[in-house]
Amino acid sequence: MIGTDEHTELIDWEKTTDDGVLVYILEYDGPVSAPTGRPRTLFGASSGGTVPAGDQYVELPDGERLPATELTYETEGTTLRVRHESPSLLDRCLEYLPWWTRA
C-alpha cells in the first residue's frame, strides 16, 4: 500500500474527483512524504526486482491499481494527495515504440 511503512499507518482515505481528475486523499497517523520520483527509463527498481517501467503500478486503499507513470503526489503534514493524471500524448505514443528507442 502506498505511503505505509513500519512508522506510519493509513488511518483514513477518500476517493474524489477534482476538475475531472481522480484524486485519492490519504490520511496517515504521522508525517508522510511523497513517494520519490523514478527515472523514465525502461527498467526501474522495485522490491520484487527489476520491472519494466510500463509495468509498475501503485495499489490504493480500495484495491485499485493505477500505472505509476500516471500519478502525481502532493503532501501536507499527514496528508498525501494522489492524482491520476492522463498520460501525455508523448507517453501514449512511446507505448507503441520498441523498447530500445526509449531512454
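Being a predicted model, the structure only gives us computed values, none of them experimental.

Draft legend 1. Quick peek at the overall build of the protein. Within the protein one finds one helix and eight strands. In the protein, the order of α-helices and β-strands from amino to carboxyl end is β-β-β-β-β-β-β-β-α. Taking all 103 residues of the protein together, 24% fall into the buried category. For the protein, the exposed surface amounts to about 7000 Å²; the carbon and sulfur share of it is 52%.

Draft legend 2. Highlighting unusual backbone geometry. One non-glycine residue, Asp19, lies in the positive phi region at around 55 degrees. What makes Asp19 exposed here is its relative accessible area of 77%.

Draft legend 3. Region of interest: the nonpolar core. If you look at the biggest cluster of nonpolar residues, it comprises 12 residues: Leu22, Tyr24, Leu26, Tyr28, Val32, Val58, Leu60, Leu66, Ala68, Leu71, Leu80 and Val82. In terms of residue count, strand E2 (residues 21-28) provides more of this core than any other element does, four residues in total.

Scoring rules and cut-offs
Residues numbered from 1 in each chain as written. Predicted model: local features only at pLDDT ≥ 70, side-chain atom pairs only at ≥ 80, totals over all residues. Heavy atoms only, no water. Helix = DSSP H or I, 4+ residues; strand = E, 2+ residues; numbered from the N terminus. Buried < 20%, exposed > 50% of the residue type's maximum accessible area, 1.4 Å probe, protein only. Areas by Shrake-Rupley, 256 points an atom, 1.4 Å probe, with all protein chains shown as cover. Core = buried A, V, L, I, M, F, W, Y, C linked by side-chain atoms within 4.5 Å.

Any functional reading would require information beyond the geometric quantities listed.
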